[in-house]
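Spelled out, the chains give:
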Amino acid sequence: MSDEEPRSALIEVRSATKVFAMGEVEVAALRGVDLRVGDGEFLVIVGPSGSGKSTLLNLLGGLDRPTQGSVVFQGHDLAKASDRELTLYRRREIGFVFQFFNLIPSLTALENVQVAVEVVADPLDPLEALTMVGLAERAGHFPSQLSGGEQQRVAIARALASNPRLLLCDEPTGALDSATGRQVLGLLWDLHARLKKTVVVITHNRAIAAIAPRVVELVDGRVTADRANASPAPPSEIVY
Amino acid sequence: MAMHRALARKLARDLWARKGSLLALALIAALGVGVFVGMLGVNRDMRSSRDRYYAEYRMADFTVDAKRIPASAIESAARVPNVRAAEGRVQMGVLIDLPGRREPLPGTALSQPEERRPVLNDIFLRSGAWFGGRDECIVNHAFAEANRLKPGDRIKVLLLDKQHDLLIVGTAMSPEFVYLLPPAGGFVPDPQSYGVLYLPERFLQESADLQGAYNQVVGLAHDNSKEALRAALPLLEARLESYGVVQSTPIHEQPSAWFLADELKQQETTARILPVIFLAVAALVLNVVMARLVTQQRTVVGTLKALGYSSAAVSRHFLAYGVVVGLLGGSCGIALGAWLEGAMLEMYRDYFELPGIRAGRHLDLLLWGLGISVGFAVAGTLKGVRNAARLAPADAMRPPPPEKGRRVLPERFPRLWARLPFAWKMALRAIFRNPFRSSVGVLAALISTSLIVYVLSMVDGMKFMTRHEFVDVAHQDVTVTLRDPRGTEALSEFAALPGAREAEPQLHVACDLTYGAARRRVGVQGLAKGSLLYTPLDRSGQPVAIPDAGLVLGQRLAEVLGVKAGDVLELRPLIGRRERVRAAVAEIVDTYIGLGAYAEIGYLSRLIGEERSANVLVARTYTREPSAAFIDELRERPGVVGVTRRSRSLERIQETFDQSLGVMVGILVVFAGSIAFGSVLNAALVALSERQRDVGTLRVLGYAPRQVTGIFAKESLALNALGVALGIVAGIGLAHVVSSAYNTDLYRLAVIVGPMRLVTAALLMAGFVVLAQAILHLEIRHLNWLDVLKVKE
Ligand SMILES: Nc1ncnc2c1ncn2[C@@H]1O[C@H](COP(=O)(O)OP(=O)(O)O)[C@@H](O)[C@H]1O
Ligand SMILES: [Mg+2]
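The numbering scheme is per chain: residues are counted from 1 as the chain's sequence reads. All chains are assigned letters beginning at A, and all ligands numbers beginning at 1, according to the order in which they are written. pLDDT decides what is reported in this predicted model: residues at 70 or higher carry local features, side-chain atom pairs at 80 or more are listed and counted, and totals for whole chains, interfaces and linings draw on all residues regardless. Hydrogens and waters are ignored; side-chain quantities use all the structure's heavy atoms.

## Regarding the site of ligand 1
Next, step 1: Note on terminology: near, applied to a residue and a molecule or strand, indicates that one of the residue's heavy atoms is within 4 Å of it. Around ligand 1, the surrounding shell holds 14 residues, and the nearest of these are Gly50, Lys53, Ser54 and Thr55 of chain A together with Lys790 of chain B.
Next, step 2: Nearby residues around ligand 1 are contributed by chains A and B.
Next, step 3: Whenever two N or O atoms come within 3.5 Å, that pair is a polar contact, provided that in protein one can donate a hydrogen and the other can accept it, and provided that, for residues adjacent in sequence, both atoms are side-chain atoms. At a separation of 3.2 Å, an oxygen atom of ligand 1 approaches a polar backbone atom of serine 51 of chain A.
Next, step 4: The side chain of serine 54 of chain A places a nitrogen or oxygen atom 2.7 Å from an oxygen atom of ligand 1.
Next, step 5: About the coverage of ligand 1: the protein hides 72% of its 560 Å² of free accessible area.
Next, step 6: Put simply, DSSP marks the helices as runs of H or I at least four residues long and the strands as runs of E at least two long, and each gets a number from the N terminus on. Residue assignment for the shell around ligand 1 shows that the elements contributing at least two residues are strand 1 (9-22), strand 2 (25-38) and helix 1 (53-60) of chain A together with helix 24 (785-790) of chain B.
Next, step 7: Per-element tally for the shell around ligand 1: the top contributor is helix 1 of chain A, with three residues.
Next, step 8: Gly is placed with the polar residues, together with every amino acid not listed as nonpolar (Ala, Val, Leu, Ile, Met, Phe, Trp, Tyr, Cys and Pro) or charged (Asp, Glu, Lys and Arg). A breakdown of the residues in the shell around ligand 1 according to their chemical character gives five nonpolar, six polar and three charged. Computed with a 1.4 Å probe, the accessible areas rest on the Shrake-Rupley method; for each residue, only the protein chains presented here act as cover.

Take a look at the structure:
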């Protein structure tokens with residue numbers, strides 16, 4: 001893989017700002033961010049807590065709109081999209097993985113995956129998705145019967161099952177011990193490598209950035225660095 | 001209730017945050033309190049105005065009808081034990097001729113003293129003045145109003161076949177006729193077509209051929225209880241025997257008093273049952289809401305306890321929610337009750353001629369209303385309070401255990417289960433894992449549905465009864481009532497009237513039937529064999545065959561008397577020869593008539609000591625509506641005391657249905673629906689508060705708000721579908737129970753539950769559920785789901 005080879009952009013953030021009005025005070029979470037995510041890329045965004053990572057990820061995922069600027073996905077500006085269009089965008093193009101898994105507690109692992117599958121046109125088979133994350137034999141378990149790592153893998157299977165182009169992971173290891181966290185990162189890397197999914201992982205943990213070919217640093221709502229990592233470490237070798 | 005200021009502030013915020021849910025509960029409680037306060041208020045208003053009216057105008061405790069009682073005999077009647085006072089008067093059926101009315105109207109003439117003095121069954125002069133001369137009359141107020149008659153007008157009145165031109169000098173109301181039913185049947189007053197005239201005593205005595213005598217004794221009793229009157233009246237009858245006693249009637253059987261008492265009793269029953277239902281549902285739903293609130297606030301409860309608040313203080317805090325809901329529901333209920341009281345009194349004023357009915361002040365009722373509302377609402381917090389009190393601080397500070405992954409009942413059928421969409425799996429698991437909450441949901445739907453089904457079936461029952469009586473059984477266009485039975489030659493006379501197509505004779509005889517110790521006064525209807533104009537039907541719609549000899553009894557009458565087919569009764573007719581005779585029970589039929597009986601007309605004639613005779617003629621005319629010539633001819637016939645067009649009776653009942661039934665049904669349906677609405681809304685809000693995170697997850701996954709609502713609504717859909725199905729069965733059952741409870745001597749209400757009505761009930765319920773879900777949808781749309789996902793559970 002060579003860095004010079006220009007990838008076509010899958011999604012591009014242009015001079016995006018985001019200001020939250022909290023009663024009297026306004027909080028600027030993003031202060032003019034430009035970011036291009038190429039198709040098939042594996043990108044890690046690092047930054048201290050409160051630097052605006054989640055806010056940026058939410059813009060990429062169509063969960064929110066920028067206050068100013070644009071978020072262009074395949075020629076469509078998400079900043080101008082209606083609620084309905086954003087819903088469809090999330091449904092078809094995005095797979096989310098959260099720090100706290102966000103599984104539906106009253107559904108089994110398999111059923112949680114089915115939730116994502118039911119509203120899209122060309123999904124994966126839910127059981128197949130579970131197999132990919134190595135949890136086929138746990139299909140009938142409820143979230144409360146699974147460990148944190150297993151729950152996160154179910155969440156990844158769910159994100160995969162709708163067959164999205166873009167996988168967005170918000171602190172996916174944040175609630176896990178480091179061994180389990182490494183497994184989860186390894187899984188994400190695998191999926192990127194095997195299925196050519198575009199993956200964006202955000203984390204406050206610099207050690208994790210070592211696995212990514214490209215690392216973007218965010219501080220105080222601004223991109224302070226965007227560098228290529230010529231020799232990303234295999235996830236199983238990082239220490240954090 | 002002592003409460004810490006900080007807790008009071010928390011209470012206020014918590015209440016405000018749940019205002020929608022609590023308002024919906026307060027609404028249900030308010031309806032209950034409203035019915036309680038309003039209907040019991042109406043009950044008291046009417047009871048007290050009735051009692052005042054009866055006392056002030058000396059409503060008689062009994063009436064004895066006889067042929068001719070000389071004035072001198074009245075004194076001796078007053079000396080019968082338990083009789084406090086007795087007076088004689090003249091009563092006579094008349095025909096009233098009003099300009100602009102095609103047929104002469106039936107009326108009742110009653111004597112009043114020439115010079116005004118207090119008498120029994122006195123009248124309350126609403127307008128005009130007392131008699132000044134002979135040919136004058138005072139008419140009952142409702143009749144005057146309905147026909148736009150006023151003092152100074154003249155009316156033509158037929159008294160014993162002699163036409164009189166009477167000057168109306170006044171209009172009046174009487175305690176005797178608070179609810180004045182027309183003689184032609186039906187169960188609603190028809191002031192336009194039936195009037196009561198008060199005439200100077202001597203004038204009426206002369207016109208009735210009763211110079212110096214009376215044909216009725218009215219009296220007061222020292223003890224007017226049912227038992228005392230029942231004991232005294234036979235003695236009185238015996239004392240007057242030689243004057244041709246026809247019948248005696250205690251006040252409990254006097255039609256107007258009877259009907260009024262019955263209405264008051266029904267009001268009271270309704271006012272006690274409905275509120276309990278409403279408040280109980282409110283309490284159950286509140287239990288669900290409070291249990292959730294305490295779960296949601298476990299850490300708060302733990303912190304409070306850790307800070308040194310006692311369990312009692314925490315309990316009081318959660319009890320206060322109930323107190324607030326109860327007070328809110330109670331005070332809205334009191335306002336609603338005041339409105340209801342006014343509206344119901346307004347309606348009653350149209351049907352009951354009761355002066356001075358107005359809404360009174362019933363402070364004790366208001367306090368009771370408030371009290372029961374608070375009581376039920378506090379009971380509604382007990383589940384939550386208990387949970388809060390039991391929570392140990394250390395446990396409470398820890399997050400709640402995650403939802404257990406227990407399998408639920410339907411998962412035992414894996415093949416079916418596997419096919420279910422996940423939304424149904426979520427719904428079914430939620431239902432089975434929260435049995436209390438689910439049961440409350442089903443129960444609320446069941447209650448609303450059964451109330452709606454019951455109300456609709458009642459309307460259909462009344463419509464059916466009307467149809468049955470005036471269409472399926474009776475086919476005549478005109479009914480002519482004669483003063484006395486006449487030989488059947490009268491029939492050919494009427495059949496020859498212009499426009500008459502066919503006529504049939506009937507003989508209506510009031511009789512006392514005795515069997516062993518059982519005794520009942522009933523109307524026996526003598527019918528010609530093969531009658532086409534009047535064809536009694538049993539409850540299955542089969543024609544009732546009239547035997548050559550013997551009586552056909554309705555089932556209810558047979559039960560009351562304890563007879564079966566083949567038994568021989570003792571029968572004493574109240575007209576004709578009036579001698580005790582024996583009559584066999586030929587058949588017992590299951591009909592809607594209350595205490596009715598049929599017999600062949602010739603057979604019945606012989607029982608009253610006559611040749612084949614008739615006192616009612618039913619006729620069909622070529623024009624369906626009898627022509628003016630036909631009516632005019634009738635007017636001239638002697639002995640005619642009533643002419644009734646069937647279409648008129650039918651119209652009047654129709655009118656009543658249109659006026660008041662629709663409003664009543666509407667109110668009851670809205671009341672019933674509020675239960676469903678409040679329960680569904682609260683269940684949905686509780687479920688939403690538990691599953692906010694799931695909403696967020698689904699939204700992230702690309703579910704539109706409408707789809708999320710759809711997923712959440714399934715739980716409610718399933719519970720309500722079950723509730724509605726059970727409610728339909730319960731409603732039909734309720735209709736049957738009420739019908740047999742009201743299987744009175746007057747009639748038996750048919751239970752008609754047409755499939756369309758069930759569909760209507762189900763659709764109405766669907767409407768209330770959808771309304772509640774619409775609110776849920778707004779909540780889901782406005783839920784800040786992104787923030788929900790940010791926090792750890
Ligand atoms: N919905 C919101 N309302 C108000 N402020 C918010 C909201 N979301 C994020 N913020 C603020 O924006 C800043 C960036 O937040 P976030 O993107 O969550 O940071 P990170 O994910 O890097 O920790 C923080 O100061 C945070 O408090
Ligand atoms: Mg974050």
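## Notes on the domain arrangement of chain B
Next, step 1: In this document the domain limits rely on a domain assignment from an automatic tool or a database. Here chain B is described as being made up of domain 1 (56-258), domain 2 (434-475 + 646-793) and domain 3 (478-623).
Next, step 2: Distance between the C-alpha centres of domain 1 of chain B and domain 2 of chain B: 49 Å.

## So, helix 1 of chain A
Residue and element names in this part refer to chain A.
Next, step 1: Three labels apply to residues, based on accessible area from a 1.4 Å probe with only protein chains included: buried if under 20% of the type maximum, exposed if over 50%, partly exposed otherwise in between. Counting buried residues along helix 1, seven of its eight residues qualify, which places the element largely inside the surrounding structure.
Next, step 2: When we look at burial in helix 1, the residues that qualify are Lys53, Thr55, Leu56, Leu57, Asn58, Leu59 and Leu60.
Next, step 3: Positive phi shows up at glycine 62, right after helix 1, with a value of about 70 degrees.

## Brief notes about the environment of proline 189 of chain B
Residues and elements named next belong to chain B.
Next, step 1: In this fold, proline 189 is placed in the loop between strand 8 (162-173) and strand 9 (195-200).
Next, step 2: Considered as a pair, proline 189 and threonine 656 are 467 residues apart in the sequence and their alpha carbons are 9.3 Å apart.
Next, step 3: Here, residues are in contact when the closest pair of their heavy atoms is within 4.5 Å. Excluding residues that lie within four positions of it along the chain, proline 189 makes contacts with Tyr179, Leu180, Leu181, Pro182, Tyr351 and Arg652.

## Section: the sheet that holds strand 10 (residues 213-221) of chain B
All names here are of chain B.
Next, step 1: Read across the sheet, four strands follow the order 2-10-1-11 without closing on themselves; strand pairing throughout is antiparallel. Each end of this open sheet is capped by a strand with a single partner; those strands are strand 2 (83-89) and strand 11 (245-250). The sheet shows a mean angle of 25 degrees between the axes of neighbouring strands, direction not considered.
Next, step 2: Relative to strand 11, strand 1 (residues 62-70) runs antiparallel, the two being bridged by five bridges. When the sheet's bridge partners are listed, alanine 66 is paired in strand 11 with valine 245. By the convention used here, strands pair only if DSSP detects at least 2 bridges between them. Axis angles are defined between N-to-C directions and span 0 to 180 degrees, where every axis is a line fitted to C-alpha atoms and, for a helix, only to the segment in contact.

## What to know about the environment of phenylalanine 187 of chain B
Next, step 1: Secondary-structure assignment places phenylalanine 187 of chain B in the loop between strand 8 and strand 9.
Next, step 2: When the C-alpha positions of phenylalanine 187 of chain B and leucine 668 of chain B are compared, they lie 22 Å apart, and in sequence the two are 481 residues distant.

## Topic: the interface of chain B and chain A
Next, step 1: In this assembly, 31 residues from chain B lie in contact with 27 residues from chain A.
Next, step 2: Both sides of the chain B and chain A interface together cover about 2600 Å² of buried area, and 58% of this is carbon and sulfur.
Next, step 3: Buried area is calculated as the accessible area (1.4 Å probe) missing from two parts once they are joined, with the contributions of both summed. Among the residues chain B hides against chain A, the three largest losses belong to Phe422, Val700 and Leu701 of chain B. Together they make up 21% of the total.
Next, step 4: We define a salt bridge as a side-chain nitrogen of Lys or Arg found within 4 Å of a carboxyl oxygen belonging to Asp or Glu. For the pair chain B and chain A, the number of links is two salt bridges.
Next, step 5: Taken together, the links from chain B to chain A amount to nine residue pairs in polar contact (both at pLDDT 80 or more).
Next, step 6: Elements with a minimum of two residues in the side of chain B that touches chain A: helix 14 (422-433), helix 21 (692-700) and helix 24 of chain B.
Next, step 7: Here the side of chain B that touches chain A takes six residues from helix 21 of chain B, the largest share from any one element.

## Here's the deal with the side chain of arginine 89 of chain B
All names here are of chain B.
Next, step 1: For arginine 89, the position within the fold is in strand 2.
Next, step 2: Here arginine 89 falls in the buried class, since its relative accessible area comes to 6%.
Next, step 3: Apart from residues lying up to four places away in sequence, arginine 89 is in contact with Leu110, Ser111, Asn121, Glu176, Tyr214, Asn215, Gln216 and Val218.

## Some words on the nonpolar core
Next, step 1: As used in this record, nonpolar core signifies buried Ala, Val, Leu, Ile, Met, Phe, Trp, Tyr and Cys residues forming a set joined through side-chain atoms within 4.5 Å. Within the largest apolar cluster, 137 residues are counted, with the highest numbers of intra-cluster contacts made by Met46, Ile155, Leu159, Phe318 and Phe352 of chain B.
Next, step 2: With 17 residues, helix 7 (residues 255-296) of chain B is the largest single contributor of residues to this core.
Next, step 3: When residues of this core are assigned to domains, at least three fall in each of domain 1 (56-258) and domain 2 (434-475 + 646-793) of chain B.
Next, step 4: Among residues more than four places away in sequence, those in contact with phenylalanine 352 of chain B are Met46, Val178, Tyr179, Phe259, Leu260 and Glu263 of chain B.
Next, step 5: Core analysis: the next-biggest nonpolar cluster, separate from the first, contains 54 residues, Val13 and Ala16 of chain A together with Leu698 and Trp785 of chain B among them.

## Looking at the pairing of strand 16 (residues 568-573) of chain B
All names here are of chain B.
Next, step 1: Relative to strand 16, strand 13 (residues 500-515) is paired through four bridges, and the arrangement is antiparallel. The partner of leucine 513 across the bridge, within strand 16, is leucine 571.
Next, step 2: In this sheet, strand 17 (residues 581-589) lies alongside strand 16 in antiparallel orientation, the contact comprising four bridges. Of the residues in strand 17, the one forming a bridge with leucine 569 is alanine 583.

## Focus: the sheet that holds strand 4 (residues 68-73) of chain A
Residues and elements named next belong to chain A.
Next, step 1: Pairing is antiparallel in the open sheet, where four strands are placed in the order 2-1-4-5. Strands with a single pairing partner mark the edges of an open sheet, and in this sheet they are strand 2 and strand 5 (76-77).
Next, step 2: In terms of strand pairing, strand 1 meets strand 4 through five bridges, oriented antiparallel. Across the sheet, threonine 17 pairs through a bridge with glutamine 68, a residue of strand 4.

## Quick notes on the packing of helix 9 (residues 311-351) of chain B against helix 20 (residues 646-690) of chain B
Residue and element names in this part refer to chain B.
Next, step 1: In the contact formed by helix 9 and helix 20, the axes pass within 12 Å of each other and the chain directions differ by 170 degrees. For the element pair helix 9 / helix 20, the angle class is roughly antiparallel. Facing helix 9, whose interface residues are Leu336, Trp339, Met347 and Tyr351, helix 20 presents Arg652, Thr656, Gln659, Ser660, Met664, Ile667 and Phe671.
Next, step 2: Residues belonging to the contact of helix 9 with helix 20 are distributed by class as follows: seven nonpolar, three polar and one charged. Roughly parallel means an angle under 35 degrees; roughly antiparallel, over 145; roughly perpendicular, 65 to 115; everything else is oblique.

## A closer look at the confidence of the model for chain B
Residue and element names in this part refer to chain B.
Next, step 1: Residue-level confidence of the predictor is summarised by pLDDT, bounded by 0 at the bottom and 100 at the top. Per-residue confidence for chain B averages 89 on the pLDDT scale, and 97% of its residues sit at or above 70.
Next, step 2: Of all the helices and strands in chain B, helix 12 (residues 393-397) carries the lowest mean pLDDT, 76, while strand 9 carries the highest, 97.
Next, step 3: Among the prediction metrics, the complex's ipTM stands at 0.91, with pTM recorded as 0.85.

## Notes on unusual backbone geometry
Next, step 1: With a phi close to 55 degrees, aspartate 220 of chain A is a non-glycine residue in the positive phi region.
Next, step 2: Along the polypeptide, aspartate 220 of chain A turns up in the loop between strand 9 (214-219) and strand 10 (222-228).
Next, step 3: Aspartate 220 of chain A gets classed as partly exposed once you look at its relative accessible area, which sits at 45%.
Next, step 4: For aspartate 209 of chain B, which is not glycine, the phi torsion reads 65 degrees and is therefore positive.
Next, step 5: You can see aspartate 209 of chain B is positioned in the loop between helix 5 (201-207) and strand 10.

## Some words on the packing of helix 2 (residues 19-56) of chain B against helix 9 of chain B
Residues and elements named next belong to chain B.
Next, step 1: It is at 5 Å that the axes of helix 2 and helix 9 come closest, and there the two elements cross at 40 degrees. Between helix 2 and helix 9, the crossing angle belongs to the class labelled oblique. The element helix 2 and its partner helix 9 pack so that their crossing is right-handed. The crossing is said to be left-handed when, going from far helix to near helix, the turn is anticlockwise and less than a right angle, and right-handed when the turn is clockwise.

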